[in-house]
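Descriptive analysis of the structure
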Number of protein chains: 2
Amino acid sequence: MPESNSPSIPRRLDSAAFASALDEIASIVGAAHVRRSASELDAAAKATIPAPKRPGAVVHPGSADEVAAVVRVAQRHGLSLWPCSRGRNWGYGSATPAREGTVVLHLERLDRIVEVNEELAYAVVEPGVTYRQLKRHLETHHPRLWCDCTDGPPDGSVIGNALDRGLGVSHYADHFGALCGLEVVLADGETVRTGGGPQDCKTWHTHKWGVGPYLEGLFTQSSYGVVVKAGVWLMPKPDAFCAFQFDLRDESRLPALIDAVRTLMLEGTIPAASHIVNDIVALAILAQYPPGMVGKHSRLPDDVRAAMRARYLVHPWSFGGGLQGSAAVVRAVKRELRARLAPLGKLMFIDDRVVRAATIANRLARTSFAAPVEWAVRRFAGKSLEMLAAAPHVHSVLQGTPSDYFVRHAYFKSSLPKPDVADPDRDDCGLIWFAPIAPMTGRHVEAVLAICRPLFERYGFDFYAALLTQNPRSMIVLMAIFFVKQSAEETAKARELYEALGRATGAAGYQPYRVSVTGMGEVAGLAPDFAALARTLKHALDPNDVLAPGKYGI
Amino acid sequence: MPESNSPSIPRRLDSAAFASALDEIASIVGAAHVRRSASELDAAAKATIPAPKRPGAVVHPGSADEVAAVVRVAQRHGLSLWPCSRGRNWGYGSATPAREGTVVLHLERLDRIVEVNEELAYAVVEPGVTYRQLKRHLETHHPRLWCDCTDGPPDGSVIGNALDRGLGVSHYADHFGALCGLEVVLADGETVRTGGGPQDCKTWHTHKWGVGPYLEGLFTQSSYGVVVKAGVWLMPKPDAFCAFQFDLRDESRLPALIDAVRTLMLEGTIPAASHIVNDIVALAILAQYPPGMVGKHSRLPDDVRAAMRARYLVHPWSFGGGLQGSAAVVRAVKRELRARLAPLGKLMFIDDRVVRAATIANRLARTSFAAPVEWAVRRFAGKSLEMLAAAPHVHSVLQGTPSDYFVRHAYFKSSLPKPDVADPDRDDCGLIWFAPIAPMTGRHVEAVLAICRPLFERYGFDFYAALLTQNPRSMIVLMAIFFVKQSAEETAKARELYEALGRATGAAGYQPYRVSVTGMGEVAGLAPDFAALARTLKHALDPNDVLAPGKYGI
């Protein structure tokens, strides 16, 4: 039963009042769009994080008007709503609320691509629109435009990720940065458009700051409103594009690599985002725990990890990203990258030619030529066949084509084989992201790694670390805790590790860039003055705590 | 006497209460830092806009703590404060408040450069720090870093301009975009740091969004707090730099040029900001109204304008900006620009070599060789000597060295000669900016020009238009109304034109990117839903309207 578990929210609904509120909502959205049976709620309570909270119901409005009407009903009845766009927020809580019993306001039926402006390179979408859907729409109707996507779930929401300030893979990786012009349903059911412009404002989706106070940031990582429409900036298909992939020769030179990446980004030679990933990231993408090890070892024994590294030719740290622009500029950048990174390791460019060669090699590897092909690929490209098979996926995700390929890393420690279509919630994969952000210097990133790596060891988990450039000055140190959900002990330990990581990095002055619903209480404790301001705003905009109670601790 | 002229703020202070509040403030900041005499207030009421409002006093705190203490006194006594950083907001209201009698909270004494981080390329400054001061500090102590500046007043505030979301001239031109990590005194006197990070948060000045709701936008173009410290992103001194200058051959091809600029920016070939300026902009920089014309003609007669264009070899539209990056990338970009712009007009690059040549030519032009030098410069470079003299200023402002050179355009219609150091407030120059923003397409920008140009003609003012790239999708159509302040008729007409421009562009769906204190009431009328939200926030954060009453109509 939906009871707010926050002492600051005294109101409670008894079963009958709750049922009658849901009935009223059903009369708005249709009975088929209110999920309230035990089995439906069991499914809705599934998430990869430890101990996800069970929602009181799941409501699926079909339009922005229905969203506003549902919010008004919730306001009247003292119901709390947890807005969620697509619910693919794996590792951060999926579609589960921060508090037991909150009603999930699921927006997947708001899936219209309202407009694509080819000249000005933007789309206007609803929160149910996915990366896959947007890319297909562009390929079909506007092939001159590319979108950014994440290497996460292809059916994740474009808006949902941006409102969580998630990161993509191209130079439009800063998804909130590329959001422009929101339509928001407030807690009183009123709808507001950001930007302060006149009716039919021509720059609503082109001028991010608008006029008057810039308020869009209010609706990110927060509980101040329900975004029902947004402009998303797109890229013109570039004249030239290629991916690059770089293996760091000497592990101890990681700080030098990070400093080089910062310099290259600050001077504008390479754009956000590029990723530096460690061996466990690569292994989680390319492979799974060896048979019989899941449940027996909470982390790969060192010798097994070493053997897997050798088997897949995985380096301790690799670096990759995409380059795009006019042909002349891309050529110049490639030359520059070669000159700057050569002293540190091996650089390779992945263009259409390489993708074709990789495809052929992969096809041959499934024939009787497997052995000589594998030998040749290892010998001359320095890659395993599995890694070569990854090249086309890297090449296409950087162009905005999302893929299940990468996100199946969630099954690294699953006893199930990796499925074609990943659904780690359904498949009980244990995964929680921990994502502090550091100034992009070798010293700072090393400091964060030095705090976290021993904690992973102490709690007995594989140390998965991906270093993502959020901007030229900041690097997200994205760590995954893979745990076996079926093991109560591993689950408890995963949660303890998560909390220990938060405490240790916070004490050292590093903030998370984003938190899972598990850690939302803690994050508000980091900055009491900031939290007080955020609560003042919450009280002004949503005094009855109707929207997303507990989100980011507010 | 300070009386709020808004019917929504009923409280009034009588003279004695007001004097006693000021006495209390004097006890905090020192009596010397409270200006309240009639002559001081006369000076403080000077601004280039029509009918500036007279403040009730001007208070100059010396530290953030003093700011907080003054705000608390104001809160207690029902006094209203108008925060102003340096007051060089010429054309937008300078240091004058939106309402008669508001006490100006002048922050020029908060002029510390708190920190410069060379590795991560940012500075932390107080609101009194000027562009000139910051550039000199960098040149002396951190020559490897460049800052952006505007082509406006060198003694303008770095923070003040950013909070007004002003625009600079380099690829860090979006000054609010380059602001990261604020310390803000709220209306209750409490201080808050944005970003939500822990004490001593390492990414406070590197990660713009922080964690939890992104709230920095609240403190721009608004009255929600007093920013007393901010991080400002800087650029590493590039390997290569040059300016470019382009003259459009055929006036009717302006839309094609705008579309080309958008394409070049969207693909990343050229960065923000570049400027397209019309003939009146160039003439205002290079020259003044011919003798005897000020006061006689409110706009240049067509034949005079044509003669001046010929005299100074000014084109109807010119385009310019800076390029920086690694040497190879800059070379590639130059080639690309040549290929793309050649069909439309004449492109010239201004590098150190050209600057040296211009300097020599200018020196020779002051000797007996003047005539042949001028002939040669006009014949071979296609430039007037005056225009050649501008090249070094263009070259250096794009590197962050501010200069009085450009801003002396405010004296275009003054009967005073252009002074070395511009002070258009003191010198009674009449200037008001009108700055709508349009999607960056030839069609939209032409539409705005087609709305505004006839209004300038109807009201009898020179049509000054500079097209500034705010981002790859949006162009600010910056228009100046130059009027003779001594003429009541011209002043009234300037104000009427300003209002007519606002009505006409608003009705066509174009919003201003920024408004002068004169037009702040109107802007809130553009978007009632947005204004209602902004007022809810104002009520929550500053229920007694202590801070900047009337700012942006809120």
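These numbers were taken from a predicted model, which means no experiment stands behind them. (Residues numbered from 1 in each chain as written. Chains lettered and ligands numbered in written order. Predicted model: local features only at pLDDT ≥ 70, side-chain atom pairs only at ≥ 80, totals over all residues.)

**Digging into the overall build of chain A**
Helices and strands together make up the secondary structure of chain A, namely 17 helices and 20 strands. In terms of its C-alpha atoms, chain A occupies a principal-axis envelope of roughly 70 × 55 × 50 Å. Within chain A, buried positions represent 61% of all 554 residues. Pairs at least 24 residues apart make up 73% of the contacts formed inside chain A by residues separated by at least 6 positions. (Helix = DSSP H or I, 4+ residues; strand = E, 2+ residues; numbered from the N terminus. Buried ≥ 20, exposed ≤ 12 C-beta atoms within 10 Å, placed from the backbone. Contact = placed C-beta atoms within 7 Å.)

**Considering the domain arrangement of chain A**
Residue and element names in this part refer to chain A. Structurally, chain A comprises domain 1 (15-109 + 542-553), domain 2 (113-236), domain 3 (240-411) and domain 4 (429-516). The straight-line distance from the C-alpha centre of domain 2 to that of domain 3 is 30 Å. For the side of domain 2 that touches domain 3, the per-class residue count stands at 9 nonpolar, 4 polar and 5 charged. (Domains from an automatic or database assignment. Nonpolar A, V, L, I, M, F, W, Y, C, P; charged D, E, K, R; others polar.)

**Quick look at the sheet that holds strand E10 (residues 226-233) of chain B**
All names here are of chain B. Sheet architecture is open: 5 strands sit in the order E5-E6-E10-E8-E9, paired in antiparallel fashion. Whereas interior strands pair on both sides, the edge strands pair on one side only; in this sheet they are strand E5 (113-117) and strand E9 (191-193). Mean inter-strand twist for the sheet, computed between neighbouring axes without regard to direction, equals 15°. Summarising the sheet, strand E8 (residues 179-185) and E9 pair through 3 bridges and their orientation is antiparallel. If you follow Glu 183 over to E9, its bridge partner there is Arg 193. (Pairing = 2+ DSSP bridges. Axes fitted to C-alpha atoms, helices over the stretch in contact; angles between N-to-C directions.)

**A few points about the relation of the copies chain B and chain A**
Both copies of the chain are tied together by a single rotation about an axis and a shift running along it. Overlaying chain B with chain A gives an RMSD of 0.0 Å, the required rotation being 180° about an axis along which the chain moves by 0.0 Å. Considering both components of the superposition, the chain copies are consistent with a two-fold axis. (Least-squares fit on C-alpha atoms with pLDDT ≥ 70 in both.)

**Overview of the packing of helix H17 (residues 528-541) of chain A against helix H17 (residues 528-541) of chain B**
Here H17 of chain A crosses H17 of chain B at 125°, and the two axes come no closer than 9 Å. The pairing of H17 of chain A with H17 of chain B is recorded here as oblique in orientation. H17 of chain A and H17 of chain B meet at a crossing whose hand is right-handed. Every residue of H17 of chain B that contacts H17 of chain A at Thr 536, Leu 537, His 539, Ala 540 and Leu 541 of chain A is listed here: Thr 536, Leu 537, His 539, Ala 540 and Leu 541 of chain B. Grouping the amino acids of the contact of H17 of chain A with H17 of chain B by side-chain chemistry returns 6 nonpolar, 4 polar and no charged. (Parallel < 35°, antiparallel > 145°, perpendicular 65-115°, else oblique. Left-handed = near helix turned anticlockwise from the far one by under 90°.)

**So, the pairing of strand E6 (residues 122-125) of chain B**
Residues and elements named next belong to chain B. The alternating pattern of E6 places Tyr 122 and Val 124 and Ala 123 and Val 125 on opposite faces, both of which are buried. Linking E5 to E6, which pair antiparallel, is a turn of 4 residues; within it Ala 121 sits at a positive phi near 60°. Here E6 pairs with E10 via 4 bridges, running antiparallel. Bridging across to E10, Ala 123 finds its partner in Val 232.

**A word on the interface of chain B and chain A**
Residue-level contacts link 76 residues of chain B with 78 residues of chain A. Contributing elements (two or more residues each) for the side of chain B that touches chain A: E9, helix H9 (327-341), strand E17 (436-439), strand E20 (511-512), helix H16 (520-526) and H17 of chain B. Here the side of chain B that touches chain A gets 9 residues from one element, more than from any other, and that element is H17 of chain B. Classifying every residue of the side of chain B that touches chain A by side-chain character gives 37 nonpolar, 26 polar and 13 charged.

**Section: the sheet that holds strand E4 (residues 103-106) of chain A**
In spatial order, the strands read E1-E2-E4-E3 (chain A); together these 4 strands make up an open sheet with mixed pairing. Of all the strands in the sheet, just strand E1 (34-35) and strand E3 (81-84) of chain A have a single pairing partner and so form its edges.

**Side note on helix H11 (residues 370-381) of chain B**
The end-to-end C-alpha separation of H11 of chain B is 16 Å, in line with the 16 Å expected for 12 residues at 1.5 Å each. Once H11 of chain B ends, the next one or two residues include Gly 382 of chain B, with phi positive near 70°. (Expected span 1.5 Å × (residues − 1).)

**Brief notes about the pairing of E4 of chain A**
Residue and element names in this part refer to chain A. Of the two faces of E4, the one carrying Val 103 and Leu 105 and the one carrying Val 104 and His 106 are both buried. In this sheet, E4 lies alongside strand E2 (residues 57-59) in parallel orientation, the contact comprising 3 bridges. Directly across from Ala 57, in E4, lies its bridge partner Val 103. By the bridge criterion, 4 bridges tie E3 to E4 in an arrangement that is parallel. Across the sheet, the residue bridging to Trp 82 is Val 104, located in E4.

**Considerations on the environment of Leu 79 of chain A**
Residues and elements named next belong to chain A. Along the chain, the position of Leu 79 falls in the loop between helix H3 (64-77) and E3. Exposure remark for Leu 79: the 27 C-beta atoms within 10 Å place this residue in the buried category. Between the alpha carbons of Leu 79 and Pro 543 there is a distance of 13 Å; along the sequence they are 464 residues apart. Setting aside residues no more than four positions away along its own chain, Leu 79 makes contact with Leu 13, Ala 21, Ala 74 and Val 103.

**Quick notes on unusual backbone geometry**
Positive phi, close to 50°, is recorded for Ser 94 of chain A, a residue that is not glycine. Checked against the element boundaries, Ser 94 of chain A lands in the loop between E3 and E4.

**Observations concerning the confidence of the model for chain A**
Residue and element names in this part refer to chain A. Confidence in the prediction of chain A, expressed as mean pLDDT, is 94, and 98% of residues score 70 or more. Contacts of residues 1-10 to residues separated by more than four positions or lying in other chains number 23 contacts, the stretch itself having pLDDT below 50. This complex was scored by the predictor with a pTM of 0.96 and an ipTM of 0.96. (pLDDT = per-residue confidence, 0-100.)

**Thoughts on the packing of helix H14 (residues 442-459) of chain B against helix H15 (residues 488-507) of chain B**
All names here are of chain B. Where H14 contacts H15, the axes come no closer than 10 Å and their chain directions differ by 155°. Classified by the angle between their axes, H14 and H15 sit roughly antiparallel to one another. Along this stretch, H14 crosses H15, giving a crossing that reads as right-handed. Every residue of H15 that contacts H14 at Val 448, Ile 451, Cys 452, Leu 455, Phe 456 and Tyr 459 is listed here: Lys 493, Glu 496, Leu 497, Ala 500, Leu 501, Ala 504 and Thr 505.

**Observations concerning the environment of Ala 488 of chain B**
Positionally, Ala 488 of chain B belongs in helix H15. Separated by 438 residues in the primary sequence, Ala 488 of chain B and Pro 50 of chain B place their C-alpha atoms 9.5 Å from one another.

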